[in-house]
Amino acid sequence: MTSQPQRQSPTDDVPAPLPDGPRAMAAPLTVGVEEEFLLVDPVTRAVRPQGPQVAAAAAGELGHRVGTELTRYQVEGRTSPHTCLSEAAEEIRATRAVLARAAAGRGLRIASSGSPITGLVAPVPLTPGRRYAESLSVFRALDDEQSACACHVHVGVADPGEAIEVSNHLRPWLPTLTALAANSPYWNGRDTGYASWRTTTWGRWPVAGPPPYFDSTAHFQDPVEELILTRAVMDHGGLYWDIRPSHHLPTIEVRVADAGLTPEDTVLLAAVIRALVATALGAIRAGEPAPRPAPEMLRAACWRAARDGLAGQALDPVTRQLVRTTSQVERMLRALAPALRRSGDLDLVRTHWDRLRTQGSGADRQRAAYRHRSSLHDVVDHVIDATWTSPTL
């Protein structure tokens, strides 16, 4: 049965200005990005298991900023931490270019899609190594479909207690971020009907999706240690919640997003997430409590965001109402305007959000490429080109 919208505003589909909102931090926070890419044969358009080889070829230029992933279909690029987003954007583009050259040297291309578009992708060829072998032993067939690519954004928050509080404040916005970043409509040669199929497959892990609300650092640490002790996760690196305090860096890590189709999509996501963290820190230090949506509503909202992306309606997990997804994004950006203005990112975010409102999410653009000739090869070619080619604004 189709759900009906509730109490929609007549201006829901009109772009809103971004006025001042809640208190935000004055100093720009550091931001760093990890991007995962698929390796694709340009002739067959199928994924190819050459991740370790491509990573080794790119290491001469990128050093520790390139790495392998769970499957040999993937390679990861990482930026250094930046306070200036334009510098981060330059590094994102440069890293993609280096990886593209390294892949081309082996007759392949990199493709920034949250999921493989064509080819038999399960069971996956795992990257050699003790950790990945242990993962297969513990999680078994869960590993079979994990050739999924994400974008992880790290924002500098050194205090562990504040990082936990930031997580609490960001939880209600996870569905909106999922919709904004949706870029995985195809899987194994078919349209899944979802804008972010990666979100759905990733949610099968025992510790994944929206994190719980934590009352304190101890409230976070105690269940984490129990999860490790009971082998629900192998270690702190296996906490696959959409937000987590990094276990090895002084950051809060937001892991909710599909890999960004274009460098600009990733830059927009990084700017928004940094502003969310800055705004949360301002609220925390002002003694403002975090919204606390019911876990079942938050999970349902994340599911709907993964299904519909920017198209259609979103479930607001706090008000429990359906609203246009674009209106939910607008509301988020209005709340973030002070932080975006202070960091100098407001115009950039407005420009890239206007582009997404016109062109659609990565998932929408993948489907648009398919509609020309009903060809998945066209989708793969579009993704390859968009991975390191700037869009027309």
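Refer to the preceding data block for the structure.
Note that the structure is a prediction, hence the values are computed from the model and not measured.

**Q** Explain the overall build of the protein chain residue by residue, including any values.
**A** Within the protein chain one finds 13 helices and 13 strands. Here the C-alpha radius of gyration of the protein chain, 20 Å, is about what a compact globule of 393 residues would show, namely 21 Å. Projected onto the principal axes, the alpha-carbon positions of the protein chain cover approximately 55 × 50 × 45 Å. A buried classification covers 58% of the 393 residues belonging to the protein chain. Approximately 16,100 Å² of the protein chain is accessible, and the part contributed by carbon and sulfur atoms is 53%. Charge-centre separation for the protein chain: the mean point of 41 positive side chains lies 3 Å from the mean point of 43 negative side chains.

**Q** Describe the state of the cysteines, naming the residues involved and giving the relevant values.
**A** When the sulfur atoms of two cysteines share a covalent bond, that bond is a disulfide. Counted according to the given criterion, the structure contains zero disulfides. Just so you know, Cys84 is unpaired, no disulfide at all, and the nearest cysteine sulfur is the one on Cys151, 18 Å from it. Note on Cys84: relative accessible area 29%, which makes it partly exposed. Free of any disulfide, Cys302 has its nearest cysteine sulfur in Cys151, 17 Å distant.

**Q** Please set out the packing of aromatic side chains residue by residue, giving values where relevant.
**A** Per the stated rule, a full pass over the model turns up nine aromatic pairs. Taking the centre distance of 4.9 Å and the plane angle of 45° together, the rings of Trp202 and Tyr240 count as tilted. One end of the pair, Trp202, is in helix α6 (residues 197-202); the other, Tyr240, is in strand β9 (residues 240-241), and 38 residues separate them in sequence. What makes Trp202 buried here is its relative accessible area of 17%. In this structure Tyr240 comes out as buried when scored by relative accessible area, which is 17%.

**Q** Hey, could you go over the side chain of Arg96 for me, with residue numbers and the actual values?
**A** Mapped onto the fold, Arg96 is located in helix α2 (residues 85-104). With a relative accessible area of 0%, Arg96 lands in the buried category. A polar side-chain atom of Arg96 sits 2.9 Å from the main-chain carbonyl oxygen of Gly260. Setting aside chain neighbours within four positions, we find Arg96 in contact with Glu35, Phe37, Ile110, Ser112, Gly260, Leu261, Thr262, Pro263, Thr266, Ala386, Thr387 and Trp388.

**Q** I'd like a rundown of helix α10 (residues 325-343), residues and numbers included.
**A** Taking 1.5 Å as the rise per residue, α10 with 19 residues should run 27 Å; its terminal C-alpha atoms sit 26 Å apart, in good agreement. If you look at α10, its biggest bend is around 55°, right at Leu336, and the proline Pro338 turns up within four residues after that. Most of α10 sits inside the fold, with 15 of its 19 residues counted as buried. After α10 finishes, the residue Gly344 shows a positive phi value of roughly 80°.

**Q** I'd like a description of the nonpolar core, backed by residues and values.
**A** Within the largest apolar cluster, 53 residues are counted, with the highest numbers of intra-cluster contacts made by Val153, Leu177, Val272, Val277 and Met332. A total of 14 residues in this core trace back to one element, the largest contributor, which is helix α8 (residues 263-285). Those residues within four positions of Leu177 in sequence are excluded, and the remaining contacts are Val254, Val256, Leu269, Val272, Ile273, Leu276 and Met332. Membership of the second largest hydrophobic core comes to 23 residues, among which are Ala306, Leu376, Val379 and Ile384.

**Q** Pulling in residues and values, what's your account of the pairing of strand β5 (residues 150-156)?
**A** Here β5 lies mainly inside the structure; seven of its seven residues are buried. Of the two faces of β5, the one carrying Ala150, His152, His154 and Gly156 and the one carrying Cys151, Val153 and Val155 are both buried. Sheet topology places strand β1 (residues 31-40) next to β5; five bridges connect them, and they run antiparallel. The partner of Glu35 across the bridge, within β5, is Cys151.

**Q** Just give me the short version of the side chain of Ser167, but keep the residues and values in it.
**A** In this fold, Ser167 is placed in helix α4 (residues 160-170). Not counting chain neighbours up to four residues away, the residues in contact with Ser167 comprise Pro211, Ile243 and Ile252.

**Q** Go over the pattern of salt bridges with me, naming the residues and quoting the values.
**A** Oppositely charged side chains may form a pair once their charged atoms are brought near each other. Applying the stated criterion across every chain, the model contains 24 salt bridges. Across the pair Glu253 and Arg244 runs a salt bridge, and its minimum N-O distance is 2.8 Å. Since its relative accessible area comes to 2%, Glu253 is described here as buried. Classification of Arg244 as buried rests on a relative accessible area of 6%. The residue Glu253 makes a salt bridge to Arg255 at a minimum N-O spacing of 3.1 Å. A single network of salt bridges, built from pairs that share partners, joins Arg130, Glu134 and Arg231.

**Q** Break down unusual backbone geometry for me, citing the residues and quoting the values.
**A** At Arg45, a position not held by glycine, the phi torsion is positive, near 65°. Along the chain, the position of Arg45 falls in the loop between β1 and α1 (51-62). Judged by relative accessible area, which is 18%, Arg45 ranks as buried.

**Q** Explain the packing of helix α5 (residues 174-181) against α10 to me, using residue names and the numbers behind them.
**A** For any two helices packed against each other, the geometry is given by the interaxial angle and the distance between the axes. In contact at an axis separation of 10 Å, α5 and α10 are set at 115° when each is read in the N-to-C sense. As α5 packs across α10, the resulting crossing turns out to be left-handed. When α5 is examined against α10, the residues Thr176, Leu177, Ala179 and Leu180 are found in contact with a partner set consisting of Thr325, Gln328, Val329 and Met332. The residue inventory of the contact of α5 with α10, partitioned by class, reads five nonpolar, three polar and no charged.

Rules used in this analysis
- Residues numbered from 1 in each chain as written.
- Predicted model: local features only at pLDDT ≥ 70, side-chain atom pairs only at ≥ 80, totals over all residues.
- Heavy atoms only, no water.
- Helix = DSSP H or I, 4+ residues; strand = E, 2+ residues; numbered from the N terminus.
- Rg over C-alpha atoms; globule rule 2.2 N^0.38 Å.
- Buried < 20%, exposed > 50% of the residue type's maximum accessible area, 1.4 Å probe, protein only.
- Areas by Shrake-Rupley, 256 points an atom, 1.4 Å probe, with all protein chains shown as cover.
- Lys, Arg positive; Asp, Glu negative; His and termini not counted.
- Charge placed at Lys NZ, Arg CZ, Asp CG, Glu CD.
- Disulfide = S-S within 2.5 Å.
- Phe/Tyr/Trp six-rings, centres within 6.5 Å; stacked < 30°, edge-to-face > 60°.
- Polar contact = N/O pair within 3.5 Å; in protein donor to acceptor, adjacent residues only side chain to side chain.
- Contact = heavy atoms within 4.5 Å.
- Expected span 1.5 Å × (residues − 1).
- Bend = angle between axes of the 7 residues up to and from the residue.
- Core = buried A, V, L, I, M, F, W, Y, C linked by side-chain atoms within 4.5 Å.
- Pairing = 2+ DSSP bridges.
- Salt bridge = Lys/Arg side-chain N within 4 Å of Asp/Glu carboxyl O.
- Axes fitted to C-alpha atoms, helices over the stretch in contact; angles between N-to-C directions.
- Left-handed = near helix turned anticlockwise from the far one by under 90°.
- Nonpolar A, V, L, I, M, F, W, Y, C, P; charged D, E, K, R; others polar.

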